[in-house]
Amino acid sequence: MTVFDPSAVRLSRRRLLAGAAVTAGAVTAGAFAAAPLWDADHTTRAAAKATLAYGSTGYTWAVPFVAEAAGTWAEAGFDLNTMEFESGRDSMQALLAGSADFSASTDTPVVFAVLQGLRPLILVNYSRYSRDMKIVVRKDAGIDPAKPASLKGRRIATRVGTSGQYMLAKYLEFAGLAQSDVEVVDLTPNNMTSALVRGDIDGFAWSSQSAVVAERQSGGKTAVMTQDGLEKFFQSHQLLLTTEKVVKEKPELVAGAIKALQAAERRIHADGGWADLIARRIHTPPKDILEATSEFTFQIAFDDRFLDDLVAEAEWAIAAGLAKRPAGDLRALFRGLIVDSPLKAVAPDRVTLT
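Residues numbered from 1 in each chain as written. Predicted model: local features only at pLDDT ≥ 70, side-chain atom pairs only at ≥ 80, totals over all residues. Heavy atoms only, no water.

## Structural notes on the overall build of the protein
A count of helical and extended segments in the protein gives 14 helices and 14 strands. Counting only residues that meet the buried cut, the protein has 52% of its 354 residues in that class. When the accessible surface of the protein is summed, it comes to about 15,700 Å², and 51% of that surface belongs to carbon and sulfur atoms. (Helix = DSSP H or I, 4+ residues; strand = E, 2+ residues; numbered from the N terminus. Buried < 20%, exposed > 50% of the residue type's maximum accessible area, 1.4 Å probe, protein only. Areas by Shrake-Rupley, 256 points an atom, 1.4 Å probe, with all protein chains shown as cover.)

Put into structure tokens, the structure is as follows:
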């Protein structure tokens, strides 16, 4: 993994809490209870500082974006800075370099980092989906969108080493095809749609947003492959990461982050207009956000399926020659990086890991 480059980041100061009056009551005891931070006059609680690094700007980060927009970080007592990068991998690098307390990431960058010997800690698994990543094909390529096996022999683009490539691999498994049954073309997301429109490729594996762009640019000459039953093979998880240093030295931040995201989850389920809060930020109309996330599961939880998915993705990366197998048991390795005790302390029913 490349060394973190501070010049690659855009820092945005978000003063979410200018100051709030609070009572001087004692804070509930516990390893992850938020610690009181008082001003010099001991009458006003000072806002604790926290920094969250994002990779890209899309509805994948709906829960933490809603947390910011709805002020739930402020309600938890935090003054939040955000750092925005082009990818989850880059935002995780900032975290591991000590430039951020938290990072929003999908599971794929985490899997590759762990296989490289790094140790990002998984604090929150806040949403998941199986169908946001799409296989988009040209209608004139002789591919039947209702028959996954018709991809055999085709040129399919994705970004190698990303969740797009992993989804494509699992889709081929779902279709009963081998990896060698298609030609994988490594393209950036911006180039996938134009390459498909030109006919340089037969299809691509990327986000539903890219599928919409491809349909518009091609004048309706593209189609999306069926995904009925894909959830048995593929599931992507959206995570809040942290480090051992933060867990050890800033337990109040850990507790506050969980509290802020829990409040955002409740807002999403209770307010049908929640997409309005983040539409301007991600440059997407609210109705499009709601449609794109209609099959998302917004729930902060840790279960055995999550751990199974991490191990399965690691096994794929190793088998594909994208990473080397580390020493020891993979399941034990990933289980040791899931910090579930803070969530279990406040919502024990949300932690069912064995």
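## What about a nonpolar patch on the surface?
There is a patch of nonpolar side chains on the surface, built from Val160, Val184 and Leu322 and spanning about 190 Å² of accessible area. With respect to the secondary-structure elements, leucine 322 resides in the loop between α12 (304–319) and α13 (330–335). (Patch = residues over 30% accessible without salt bridge, like charges linked within 9 Å, V, L, I, M, F, W, Y side chains within 5 Å. Salt bridge = Lys/Arg side-chain N within 4 Å of Asp/Glu carboxyl O.)

## Comments concerning the confidence of the model for the protein
Confidence along the protein averages 87 in pLDDT terms, with 87% of residues attaining 70 or more. Confidence over residues 1–44 falls short of pLDDT 50; this stretch has 81 contacts with residues more than four positions distant or in other chains. (pLDDT = per-residue confidence, 0-100. Contact = heavy atoms within 4.5 Å.)

## Notes on the side chain of serine 210
Along the chain, serine 210 falls in helix α7 (residues 208–218). Non-local contacts of serine 210, meaning those with residues more than four positions away in its chain, are made with Thr193 and Phe204.

## Section: the packing of aromatic side chains
In total, this model carries 13 aromatic pairs according to the counting rule given. Here tyrosine 59 and phenylalanine 296 contribute two aromatic rings whose centre-to-centre distance is 5.9 Å and whose plane-to-plane angle is 70°, an arrangement assigned as edge-to-face. Linking tyrosine 59 in the loop between β4 (48–55) and α1 (62–69) with phenylalanine 296 in the loop between α11 (286–292) and β14 (297–298), this pair joins segments that are 237 residues apart in sequence. Summarising the burial analysis for this pair, tyrosine 59 and phenylalanine 296 share the class buried. Every member of this aromatic cluster is reached through a ring pair, and the members are Tyr59, Tyr129, Trp274, Phe296 and Phe298. (Phe/Tyr/Trp six-rings, centres within 6.5 Å; stacked < 30°, edge-to-face > 60°.)

## So, the packing of helix α4 (residues 107–115) against α12
Interhelical geometry of α4 versus α12 gives an angle of 60° and a closest axis separation of 10 Å. Regarding the angle of α4 to α12, the classification is oblique. Here α4 runs over α12; the crossing is right-handed. Facing α4, whose interface residues are Asp107, Thr108, Val111, Phe112 and Leu115, α12 presents Leu310, Glu313, Ala314, Trp316, Ala317 and Ile318. (Axes fitted to C-alpha atoms, helices over the stretch in contact; angles between N-to-C directions. Parallel < 35°, antiparallel > 145°, perpendicular 65-115°, else oblique. Left-handed = near helix turned anticlockwise from the far one by under 90°.)

## Describing unusual backbone geometry
Keep in mind that most residues, glycine aside, have a negative phi and that most peptide bonds are trans. We note that histidine 283 has phi near 55°; this positive angle belongs to a residue other than glycine. Along the chain, the position of histidine 283 falls in the loop between α10 (279–282) and α11.

## Topic: the pattern of salt bridges
Within this structure, the stated rule accounts for 21 salt bridges. The salt bridge involving arginine 131 is made with aspartate 228; its shortest N-O contact spans 3.4 Å. Note that arginine 131 is positioned in the loop between β7 (121–129) and β8 (133–138) and aspartate 228 in the loop between β12 (222–224) and β13 (236–242), a separation of 97 residues in sequence. Residue aspartate 228 is classed as exposed on the basis of its relative accessible area of 56%.

## Topic: the pairing of strand β5 (residues 78–85)
Counting buried positions over the 8 residues of β5 gives 8, a clear majority of the element. Alternating residues of β5 divide into Phe78, Leu80, Thr82 and Glu84 and Asp79, Asn81, Met83 and Phe85, and every residue in both groups is buried. Bridge count between β4 and β5: 8 bridges; the pairing is parallel. Within β5, the position partnered with alanine 53 by the bridge is methionine 83. (Pairing = 2+ DSSP bridges.)

## Some remarks on the sheet that holds strand β10 (residues 183–186)
Taken in spatial order, the 5 strands line up as β10-β9-β11-β8-β12 in an open sheet, and their pairing is mixed. Only two strands of the sheet have a single partner each, and these edge strands are β10 and β12. With direction set aside, neighbouring strand axes in the sheet form an average angle of 30°. As paired elements, β8 and strand β11 (residues 203–207) share 5 bridges and run antiparallel to each other. Directly across from lysine 134, in β11, lies its bridge partner tryptophan 206. On top of the sheet, helix α6 (residues 189–198) reaches β8, β9 (155–158), β11 and β12; it is set at about 150° to β11, its chief contact. The strands touched by α7 within the sheet are β8, β11 and β12, with β11 carrying the most contacts at an inclination of about 130°.

## Regarding α4
A large share of α4 lies buried, amounting to 9 of its 9 residues. Every buried residue belonging to α4 is among Asp107, Thr108, Pro109, Val110, Val111, Phe112, Ala113, Val114 and Leu115, and all of these are buried. Following α4 by one or two positions, glycine 117 has its phi on the positive side, about 95°.

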